[in-house]
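# What the coordinates show
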Amino acid sequence: AVGDAPLVNYTPTEEQYVPMRYSKVYALGGTGISQAMNGRVGSPGWQIGLEYEYGWSEKASLRTGLIYAQSGDIGLETLHDSTFFGLGRTEVHTHRHYKNLKTLQIPLAYQYQFAPKHRFGLGLQTDILLSVVMDQTKTTTIFKQDPKVEESHFDQQMNSFEPLNFSALLSYQYQYSDRLSLGFSYALALNDITKDHAQDFEADHRPGQANLQLRYRLFEK
């Protein structure tokens, strides 16, 4: 009819899909307590490094990184007694305390967010051994003489320790703010960290370590 508005073809537009995938990079620092094999609580360790997080949904993500770490005191001790006979009897007692492991850690963990600020993680951690910190006390007693005590400190690679170690990794993370989060993790050793038939290391040594970590997100837009 005259005066009617012209008809216009209208095609509804589809709602655009916005992907939930994201990438985040964190600077990490923290401390840790190792399970001591001598039954005593030793000095804590520390760690510093970078972590990368890739998320493919609002709740699920994958985390990895490269972390330089010194373990807490693992409390691994050995005692060697030797006796020599020459002009007289000589006894040598050597006590070694293997304290800390310096490593490069590579975690790989699946994370699930079960509440807006709370997240659990489960995965595997690989530790590349860089050096072992060890204190040695050597006491030499010559017949009818006062004992001679020598104290030594070592921080070096040792062939009696495995160069690669693997741990099951459990973690919890609390998101304090958009950039800052607080995390707790526990690494349960899956293999013997020492080599059998070396330095009386025939026993199974698998120290676990509990870590408290602070993460700060980098490159925030």
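Attention in this report is confined to the structure presented alongside it. Only a predicted model underlies this, so the values are computations on that prediction, with no experimental measurement involved.

## A few points about the overall build of the protein
- Check the secondary structure of the protein and you find 0 helices and 10 strands.
- Its helices and strands taken in sequence order, the protein reads β-β-β-β-β-β-β-β-β-β from the N to the C terminus.
- Per-residue burial for the protein yields a buried fraction of 37% across its 221 residues.
- Considering only intrachain contacts with a sequence separation of at least 6, the fraction spanning at least 24 residues in the protein is 65%.
- Total accessible area on the protein is roughly 13,900 Å²; 59% of this is exposed by carbon and sulfur atoms.

## Digging into a nonpolar patch on the surface
- On the surface, Leu66, Ile106, Leu124, Ile128, Leu130, Leu164, Phe166 and Leu190 cluster together into a nonpolar patch covering about 610 Å² of accessible area.
- Mapped onto the nonpolar patch, the elements with two or more residues apiece are strand 6 (118-142) and strand 8 (164-175).
- In terms of residue count, the dominant contributor to the nonpolar patch is strand 6 (3 residues).
- Residue class for Leu66 comes out partly exposed when judged on its relative accessible area of 48%.

## Things to note about the pairing of strand 6
- Sheet topology places strand 5 (residues 89-115) next to strand 6; 24 bridges connect them, and they run antiparallel. Bridged to Arg96 within strand 6 is Gln136.
- From the end of strand 5 to the start of strand 6, which pair antiparallel, there are 2 residues.
- Across 11 bridges, strand 6 lies against strand 8 in antiparallel orientation.

## A short note on the pattern of salt bridges
- By the definition in use, this model includes 8 salt bridges.
- A salt bridge links Asp135 to Lys99; the shortest N-O distance between them is 3.4 Å. Taken together, the residues Asp135 in strand 6 and Lys99 in strand 5 connect sequence positions 36 residues apart.
- Since its relative accessible area comes to 25%, Asp135 is described here as partly exposed.
- For Lys99, a relative accessible area of 21% corresponds to the partly exposed category.
- The residue Asp204 makes a salt bridge to Arg206 at a minimum N-O spacing of 2.9 Å.

## Regarding the packing of aromatic side chains
- Overall, the coordinates contain 5 aromatic pairs when judged by the stated rule.
- Plain terms: the ring middles of Tyr98 and Phe161 are 5.5 Å apart, the flat faces sit at 50 degrees to each other, and that makes the pair tilted. Taken together, the positions of Tyr98 in strand 5 and Phe161 in the loop between strand 7 (148-156) and strand 8 put the pair 63 residues apart, joining distant regions of the chain. Of the two residues, Tyr98 and Phe161, neither departs from the other in class, the shared state being buried.
- Both rings, one in Phe120 and one in Tyr172, keep their centres 5.6 Å apart while their planes meet at 55 degrees; by these two values the pair is tilted. Linking Phe120 in strand 6 with Tyr172 in strand 8, this pair joins segments that are 52 residues apart in sequence.
- Judged by its relative accessible area of 48%, Phe120 is partly exposed.
- Judged by relative accessible area, Tyr172 falls into the partly exposed class, the value being 27%.
- Feature note: the residues Phe114, Phe120 and Tyr172 constitute an aromatic cluster, connected by ring pairs.
- Across from the ring centre of Tyr22, 4.8 Å away, lies the NZ or CZ of Lys24, which sits over that ring.

Calculation rules
- Residues numbered from 1 in each chain as written.
- Predicted model: local features only at pLDDT ≥ 70, side-chain atom pairs only at ≥ 80, totals over all residues.
- Heavy atoms only, no water.
- Helix = DSSP H or I, 4+ residues; strand = E, 2+ residues; numbered from the N terminus.
- Buried < 20%, exposed > 50% of the residue type's maximum accessible area, 1.4 Å probe, protein only.
- Contact = heavy atoms within 4.5 Å.
- Areas by Shrake-Rupley, 256 points an atom, 1.4 Å probe, with all protein chains shown as cover.
- Patch = residues over 30% accessible without salt bridge, like charges linked within 9 Å, V, L, I, M, F, W, Y side chains within 5 Å.
- Salt bridge = Lys/Arg side-chain N within 4 Å of Asp/Glu carboxyl O.
- Pairing = 2+ DSSP bridges.
- Phe/Tyr/Trp six-rings, centres within 6.5 Å; stacked < 30°, edge-to-face > 60°.
- Lys NZ or Arg CZ within 6 Å of the ring centre and 35° of its normal.

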